[in-house]
Amino acid sequence: MALRSASQGILSDDKADQRKELIGMLRKAYWMEIETVMSYITNSINPDGVRAQEIIESLEADIQEELGHAQQFASRIKELYGVVPGSMDFTPEQTYLQPPEHQTDIVHVIKGVIEAETGAIEHYNAIIEFTDGLDFVTQDMLIAILHDEEGHRRLFEGYLREYEAEGLA
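These figures come from a predicted structure and were not determined experimentally. (Residues numbered from 1 in each chain as written. Predicted model: local features only at pLDDT ≥ 70, side-chain atom pairs only at ≥ 80, totals over all residues. Heavy atoms only, no water.)

A. Layout of the overall build of the chain. When its secondary structure is counted, the chain shows 4 helices and 0 strands. Starting at the N terminus and walking to the C terminus, you meet the elements of the chain as α-α-α-α. Counting only C-alpha atoms and orienting by the principal axes, one finds that the chain spans roughly 70 × 30 × 20 Å. Every one of the 169 residues in the chain was classed for burial, and the buried ones make up 41%. The long-range share in the chain, meaning contacts at least 24 apart out of those at least 6 apart in sequence, stands at 76%. With an accessible surface of roughly 9,600 Å², the chain has 52% of that area assigned to carbon and sulfur atoms. (Helix = DSSP H or I, 4+ residues; strand = E, 2+ residues; numbered from the N terminus. Buried < 20%, exposed > 50% of the residue type's maximum accessible area, 1.4 Å probe, protein only. Contact = heavy atoms within 4.5 Å. Areas by Shrake-Rupley, 256 points an atom, 1.4 Å probe, with all protein chains shown as cover.)

B. The pattern of salt bridges, seen in detail. Scanning all chains against the criterion turns up 7 salt bridges. Of the charged contacts in the structure, one is a salt bridge between D14 and K15, with a shortest N-O distance of 3.8 Å. Here K15 falls in the partly exposed class, since its relative accessible area comes to 22%. For the salt bridge of E162 with R51, the shortest nitrogen-to-oxygen distance reads 3.6 Å. With E162 in helix α4 (residues 136-165) and R51 in the loop between α1 (16-45) and α2 (53-79), the pair connects residues that are 111 residues apart, well separated along the chain. (Salt bridge = Lys/Arg side-chain N within 4 Å of Asp/Glu carboxyl O.)

C. Summary view of the layout of surface pockets. The calculated volume of the largest pocket comes to roughly 330 Å³. Lining the largest pocket are 24 residues, with K28, M32, E35, E93 and Y96 positioned closest to its centre. Looking at the lining of the largest pocket, the elements that each hand over two or more residues are α1 and α3 (106-131). In terms of residues, the lining of the largest pocket owes the most to one element, α3, which gives 9 residues. (1 Å grid on protein atoms, 1.4 Å probe; cavity = no way out; pocket = protein on both sides within 12 Å on 5 of 7 lines; lining within 4 Å. Points joined across faces, edges and corners; volume = space filled by probe spheres on them.)

D. Geometry of the nonpolar core. One finds L26, Y30, F73, Y124, I127 and L142 to be the most contacted residues of the largest nonpolar core, which totals 24 residues. Of all the secondary structure elements, the ones that give two or more residues to this core are α1, α2, α3 and α4. Considering every element that reaches this core, the biggest residue donor is α1, with 8 residues. The residues contacting L26, other than those within four sequence positions of it, are F73, R76, I77, L80, I127, T138, M141 and L142. Ranked by size, the runner-up nonpolar core spans 19 residues in total, among them L97, V113, Y159 and Y163. (Core = buried A, V, L, I, M, F, W, Y, C linked by side-chain atoms within 4.5 Å.)

So, in structure tokens, the structure goes:
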């Protein structure tokens, strides 16, 4: 019995070029999440000071969520007949989440998180638009992940407003 491919949707033969483009977008999303995990681990351990504790705890919780997002992206890449990239394909981009010069500079960390979440939100919205009418499974997954990222950004925007109100940012 011969295998047959899907006759419609993203897995159909006539959608091979769009599927390849989507896999590229998902690979970028995967690396964004992996890099965010690395940066959040760093920034959940390095900060010093009484005021750092809430930021540390928030980042510790986000690490697991971001790792889960990376795993979802990896699974979807595989489902779309792509190959999940290995570590040699990684190129870091998150300059804004590198450890600050002074480990008590919590505002640097907060602003870096906002920048990372904003980048994810922008990229994930682009994927949602690309998949509209083409791949509802990926679109649905991205909408759920987008919700998480918007929540993270909103939380850290609140932290930043508090620091600004106190003249610390």
